[in-house]
Structures are given as structure tokens and as C-alpha cells.
Amino acid sequence: QVQLVESGGGLVQVGGSLRLSCAVSGRIFSTTAMGWFRQAAGKEREFVAAISRSGMITNLSDSVKGRFTISRDNTKNTVYLRMNSLKPEDTAVYYCAAKWGTTAMLPDEYEHWGQGTQVTVSS
């Protein structure tokens, strides 16, 4: 009953920027914490960012702090990931996820997942 659809991925040059969006269906968006994860080829899925229900609490992984920003607009049922100063190591499939309760950094704590959107950073 909860659907998450990511968009905004694509091919970008080193140092460029992208904004990912995740649209959430249903009426539960404002009651859920949201997270962004990414999975590079041959790698495990890793935490990128999370945001609380109200948007008052945010968490970012050390690898993206200072470059990425997570935000949400509950009136639009959408969570965003602004990515600046992109590096080749940011190349991955980016997934949006939702969970009840507070923010978390472990993938298995999230209950709903989107299909992912590819981000490729080229030199």
C-alpha cells in the first residue's frame, strides 16, 4: 500500500550536482522516517542519509557530509537528496526507503523501498 518512486538520477560529470526525488504514495508519508541508501556494483547497500518525520532530525554518512543534503516536503509527499560536488565513488543505484519511528542507518530497519535510480559520475 506504500509505494516509493525515485527519480532524478542520471549521468553527471565529476564536480556536478543532482537532486534526487522520492515520491511516496498513500497518506502515511508524514508519519514515517525516510532514508536514502546506495549500492554500487559489487558492493553492499550502504546508508547515505535519513530524515525524521518532521524533518527536524537529519543524519548523513561521513562519506557525503558537506556535499549531500536530505530534505522533505510533507505537503508534496516527497523526500529529496541534493548531491553536490559529485565524485566517481558516488556512482551507485540510489534507493529511497521508509520506516516507522525514528531515523536509522541499517537497511534492515526500513520497511518500504523504492526501485532505485542510477547515478553515474564520470570523469
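Residues numbered from 1 in each chain as written. Predicted model: local features only at pLDDT ≥ 70, side-chain atom pairs only at ≥ 80, totals over all residues. Heavy atoms only, no water.

Q: Just to check I follow, could you spell out the nonpolar core for this structure?
A: Nonpolar side chains tend to gather and get buried jointly when the protein is soluble and globular. Counting 26 residues, the largest nonpolar core has Met34, Trp36, Phe68, Val79, Leu81, Met83 and Tyr94 as the members making the most contacts within it. Aside from chain neighbours lying at most four places away, what touches Phe68 is Arg38, Val48, Leu60, Leu81, Arg82, Met83, Asn84, Leu86, Asp90 and Tyr94. If you look at the next biggest cluster of nonpolar residues, it comprises six residues, including Phe47, Ala50, Ala104 and Tyr110. (Core = buried A, V, L, I, M, F, W, Y, C linked by side-chain atoms within 4.5 Å. Buried < 20%, exposed > 50% of the residue type's maximum accessible area, 1.4 Å probe, protein only. Contact = heavy atoms within 4.5 Å.)

Q: Please clarify how unusual backbone geometry should be interpreted in this entry.
A: Leave glycine aside and you will find that most residues have negative phi; peptide bonds, for their part, are mostly trans. Not every positive phi belongs to a glycine, and Asn77 is a case in point at roughly 55°. Examined against the element boundaries, Asn77 turns out to sit in the loop between strand E7 (68-73) and strand E8 (78-83). (Helix = DSSP H or I, 4+ residues; strand = E, 2+ residues; numbered from the N terminus.)

Q: What exactly am I supposed to notice about the pattern of salt bridges here?
A: Working definition: two side chains of opposite charge can pair if their charged atoms are close together. A full pass over the atoms with the stated rule returns four salt bridges. Close ionic contact of Asp90 with Arg38 constitutes a salt bridge, the shortest N to O distance being 2.9 Å. Here Arg38 lies in strand E4 (residues 32-39) and Asp90 lies in the loop between E8 and strand E9 (92-100), a separation of 52 residues in the sequence. The exposure class of Arg38 is buried, given its relative accessible area of 5%. A salt bridge links Asp62 to Lys65; the shortest N-O distance between them is 3.4 Å. Among the residues examined, Asp62 registers a relative accessible area of 66% and is labelled exposed. Among the residues examined, Lys65 registers a relative accessible area of 51% and is labelled exposed. In this structure, a network of salt bridges that share partners links the residues Arg38, Glu46, Arg67 and Asp90. (Salt bridge = Lys/Arg side-chain N within 4 Å of Asp/Glu carboxyl O.)

Q: I would appreciate a short explanation of the pairing of strand E1 (residues 4-7) in the present structure.
A: Each regular strand displays side chains that alternate between the two surfaces of the sheet. Covered by surrounding structure in E1 are Leu4 and Glu6 only, the residues Val5 and Ser7 on the alternate face being uncovered. Sheet topology note: the E1/strand E3 (residues 18-24) ladder contains four bridges and is antiparallel. Across the sheet, the residue bridging to Glu6 is Cys22, located in E3. (Pairing = 2+ DSSP bridges.)

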